[in-house]
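Secondary and tertiary structure notes
Chain by chain, the residues:
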Amino acid sequence: MAQSAAGIERHTILGPFFRISPLQPEAIKSYFPGARSLDRVRIANAQESLRIVLRAHQDDLFVIANAFIRAGPDTRSRTLNWFAYIVNMNHKRRALQVDPREVASDGFMLNVTTIMDRFCEPFMDNDFSKVDKIDVRYFKRQPRVDIKDETKLNADQATADEYYSKKVEGDSNFISEAFFLTLAAHHYGSEALNSQLKNLDREIKYLDKHIKAMEAERPKLANSPHQLRLFEETLKRHTNVLEKTIALKHAIEGALLDERMQSTSLRFMRYVAAWLLRLVTGSDYKPGQETEMIRLPLSSENSEAFACLPEYTLQNIVDNFKFIFRFLPKIIPSAVGDEMIALCITFLRSSEFIKNPYLKSSLVSLLYSGTWPFMHLKKGVFGDQLMALPFANEYLLHALMKFYIECESTGANTAFYDKFNIRYEIFQVIKCVWSNDVYKQQLTRESKTNRDFFVQFVNMLLNDATYVLDEAFTKFPKIRSLERELEDTSLSAEDRQKKEEELQTLGGQATSYMQLANETLEMMKLFTKALSESFIMPEIVSRLASMLNYNLETLAGKKAAAELSVSNKDKYHFRPIQLISDFVDIYLHLGYSPVFVDAVAADGRSYKPEVLDRVTRILSSKNAKAPADLAQWEKVKAKFEVAKHELDQAELDLGDIPAEFEDPIMGDLMKDPVLLPSRHIVDRSTIVQHLLSDAKDPFTRQPMTIDDAIPQTELKESIFKWREERVKIAKEQALGLKGDQMDTTEG
């Protein structure tokens, strides 16, 4: 009977009423007949009429359900029990593979979610005056909603079980009941439909491709009637499945794109966001007021109740907003306050409060979506607030930089692509707010007061630039080779298809790498201009100089034209002249500094004056730089040459370095020797650079930090004295040589 999820729809008093929906298979067929061949206007008209019918039915459902809620305490309690039974029986709707026979139908669950949203409307006022009535102790009483099997925000099962085993006396108020039931209804109802839409898109692409491949095989069976008949039957079955899948997609979109329903849903999510912020900050935060009561990073005092909440509490907000940003953005400006920005910044800054790395990264995606140009809002629905909100001014940049470092490892097979997507989105948000000088001042402050953190961030920036440019540049010769092979008209159809697929894959990868490379360079230009002193720190400057020299040689060296020649460079976002110009900008931002100049000249691998001369010719011939910038570039180049000459002379003057003074990794004279846990002595700058990428002793692979490196004061003094002595001897020899020359001249 009603013991199963599907049985609730048929065998309870309200079930059959809530089951009525244009999302039922027969109704879908009547709204979208021959779905594969419908044009956009027909689809839009059918979706609109579907929404009108659904809205009218949901109004009736609300009248009925509301009457039960208001009929008296006993009826209200039984009605809430019925809604709770629905959500508790439908956990499998969020499984990776859903068997429709084991869960309630989509239409039924969407009706439940919508009616639960409507129950919350009376307390969802614009002043958030009732938000303090939502009691987090709900799950410690006798909760109707079962969250035992749900993943928690930041607690394992045992921790959550122990926390909830300590019961609290008393009954929960109606607002708390409605709030937590609605949260669950969203998770198993409308948000489950959201994720189903993504799966349907993939399914349709797969089926369409499969059917086209089958149709291409039809001519081969022309002489075999029996096989052709079987083939046609199979093809028809596949085509029917595709038709149904396309129709289902249109129907779900039609139902979910109801502005009234989504506006109510959005208001509910705002309430959830505000409630979560109050919970973790232990404050009386309300959107629209000054957010000064939120102090970051968060204190662990308020973390336990938050940690044991189901993960969907936060996931619902993210998924709902992302859906509306994508499909119904016009309802957002009138419905969003500062709570979404506060929520994203708070949990990116105190990311240890959330266990799931994908949930954390989706907060970046939310901010990024909010910066997309939209209608009259050039900086998106969040842009102006991110620029002006004191809370964002204070915490946004550090939160984004912190997560930029943290997302280095998401712990999944796709971690590599995930981290680059996240970093791309972080760059877009920073670019959106950069015109506000507050953020430049923030960056300066970070570099001075939080040096290790800043160095780690810049190191990641350099790693990314090096890696993505390298990867993109290695793809281009392969792409060019495939392009040439495809010009051969004698290629068989099978070989041509293979090569075209390979070209498409390589092209997709090269495009992704180049897009990120362009953005990473853009960031480096912004940061080196605003904060040049911080990029000449000893931990950074040598790596930065080497990266610039190496990539400039790749782009402007002798082999560049042959190796990086691909047709339609713009298709891959590959603009070599622009890249060269960007690199030159970074040299110009830092070229005033003798430390940077020495670092460029000391790069034995890639510093080549002839490459820099070729850069001048390229930029001049393409008019890619203003004459004043080119004149400045010539001056900086001259500084590099002088520094190179002086460094070479100094090396000759020093002669052979005693083994005990030589860095065993770099082979240079040490300036600041330190003893590692492995008992090896290296220069401090060497181990600092190593630890930025790999937190292990390079000799034993045991974990270590820079604090484990012990300064070798006596050795440092000996090196200094030896160097002074060698320089003194070299000077005396040079003076003696000059004297001899003068004597010879006079004679």
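Look a little higher up for the structure.
Computed from a predicted structure; not experimentally measured.

Here the focus is the side chain of Thr114. By secondary structure assignment, the location of Thr114 is in helix H6 (residues 106–120). Once you skip the residues sitting within four places of it in the chain, Thr114 turns out to touch Gln58 and Met261.

Right, let's talk about the sheet that holds strand S1 (residues 673–675) for a bit. Taken in spatial order, the three strands make up an open sheet running S2-S1-S3, and their pairing is antiparallel. Edge positions in the open sheet fall to strand S2 (681–683) and strand S3 (710–711), since each of these has one partner strand only. Inspection of the sheet shows S1 paired to S3 by two bridges, in the antiparallel sense. Bridged to Leu675 within S3 is Ile710.

With that settled, the discussion passes to helix H22 (residues 538–556). For an α-helix, the turn length of 3.6 residues means that residues three or four places apart are oriented alike. Over its 19 residues, H22 extends 28 Å from the first C-alpha to the last, a length consistent with the 27 Å expected when each residue adds 1.5 Å. Looking at H22, one finds that the buried residues are Glu539, Ile540, Val541, Leu544, Ala545, Met547, Leu548, Asn549, Asn551, Leu552, Leu555 and Ala556.

Turning our eyes to something else, we now look at a positive patch on the surface. Taken together, the side chains of Lys198, Arg202, Lys322 and Arg326 define a basic patch exposed on the protein surface. Contributing elements (two or more residues each) for the positive patch: helix H9 (190–217) and helix H13 (312–327). Here Lys198 is to be found in helix H9. Taking relative accessible area as the criterion, Lys198 reaches 48% and is therefore assigned partly exposed.

The next point concerns the nonpolar core. Counting residues in each nonpolar core, the largest one holds 224 residues, and the members touching the most others are Phe32, Phe83 and Phe476. The element that contributes the greatest number of residues to this core is helix H20 (residues 451–486), accounting for 17 residues.

Attention now goes to the packing of aromatic side chains. Inspection of every chain in the model, using the stated rule, returns 42 aromatic pairs. For the ring pair Trp434 and Phe527, a centre distance of 5.3 Å and an interplane angle of 50° mean the geometry is tilted. Here Trp434, found in the loop between helix H18 (415–433) and helix H19 (437–449), pairs with Phe527, found in helix H21 (residues 493–530); they are 93 residues apart in sequence, far enough to count as distant. Both residues of the pair, Trp434 and Phe527, count as buried. Among the aromatic side chains, those forming a connected cluster through ring pairs are Tyr138, Phe139, Tyr163, Tyr164, Phe179, Phe180, Phe268 and Trp275. Here the basic side chain of Arg118 rests over the ring of Phe62, its NZ or CZ set 4.5 Å away from the ring centre.

Attention now moves to the environment of Pro664. With respect to the helices, strands and loops of the structure, Pro664 is situated in the loop between helix H27 (627–654) and S1. What makes Pro664 partly exposed here is its relative accessible area of 46%. Sequence separation of Pro664 and Phe18 is 646 residues, and the distance between their C-alpha atoms is 75 Å. For Pro664, the residues in contact, after removing those within four places along its chain, are Ile681, Val682 and Phe699.

In this section: the pattern of salt bridges. Under the criterion given, the structure shown has 47 salt bridges. Two residues, Glu121 and Arg267, come together in a salt bridge whose shortest N-O distance is 3.5 Å. One end of the pair, Glu121, is in the loop between H6 and helix H7 (157–165); the other, Arg267, is in helix H11 (residues 259–281), with 146 residues separating them in the sequence. The salt bridge involving Glu406 is made with Lys402; its shortest N-O contact spans 3.5 Å.

This part covers the side chain of Glu311. In this fold, Glu311 is placed in the loop between helix H12 (303–307) and H13. A distance of 3.2 Å separates the side chain of Glu311 from the side chain of Asn356, its partner in a polar contact. In this view, Glu311 contacts Thr151, Lys152, Leu153, Asn356 and Leu359; residues no more than four positions away in its chain are not counted.

A cluster of nonpolar side chains, Ile665, Met666 and Phe699, forms an exposed patch at the surface whose accessible area comes to about 270 Å². Overall, Ile665 belongs to the partly exposed group, its relative accessible area being 42%.

Relative to the elements of secondary structure, Ala255 occurs in helix H10 (residues 225–256). Taking relative accessible area as the criterion, Ala255 reaches 0% and is therefore assigned buried. Linking Ala255 and Arg51, residues 204 residues apart in sequence, is a C-alpha distance of 5.8 Å. When sequence neighbours within four positions are dropped, the list of residues in contact with Ala255 reads Leu23, Leu50, Leu54, Leu110 and Met261.

About the criteria used
- Residues numbered from 1 in each chain as written.
- Predicted model: local features only at pLDDT ≥ 70, side-chain atom pairs only at ≥ 80, totals over all residues.
- Heavy atoms only, no water.
- Helix = DSSP H or I, 4+ residues; strand = E, 2+ residues; numbered from the N terminus.
- Contact = heavy atoms within 4.5 Å.
- Pairing = 2+ DSSP bridges.
- Expected span 1.5 Å × (residues − 1).
- Buried < 20%, exposed > 50% of the residue type's maximum accessible area, 1.4 Å probe, protein only.
- Patch = residues over 30% accessible without salt bridge, like charges linked within 9 Å, V, L, I, M, F, W, Y side chains within 5 Å.
- Areas by Shrake-Rupley, 256 points an atom, 1.4 Å probe, with all protein chains shown as cover.
- Salt bridge = Lys/Arg side-chain N within 4 Å of Asp/Glu carboxyl O.
- Lys, Arg positive; Asp, Glu negative; His and termini not counted.
- Charge placed at Lys NZ, Arg CZ, Asp CG, Glu CD.
- Core = buried A, V, L, I, M, F, W, Y, C linked by side-chain atoms within 4.5 Å.
- Phe/Tyr/Trp six-rings, centres within 6.5 Å; stacked < 30°, edge-to-face > 60°.
- Lys NZ or Arg CZ within 6 Å of the ring centre and 35° of its normal.
- Polar contact = N/O pair within 3.5 Å; in protein donor to acceptor, adjacent residues only side chain to side chain.

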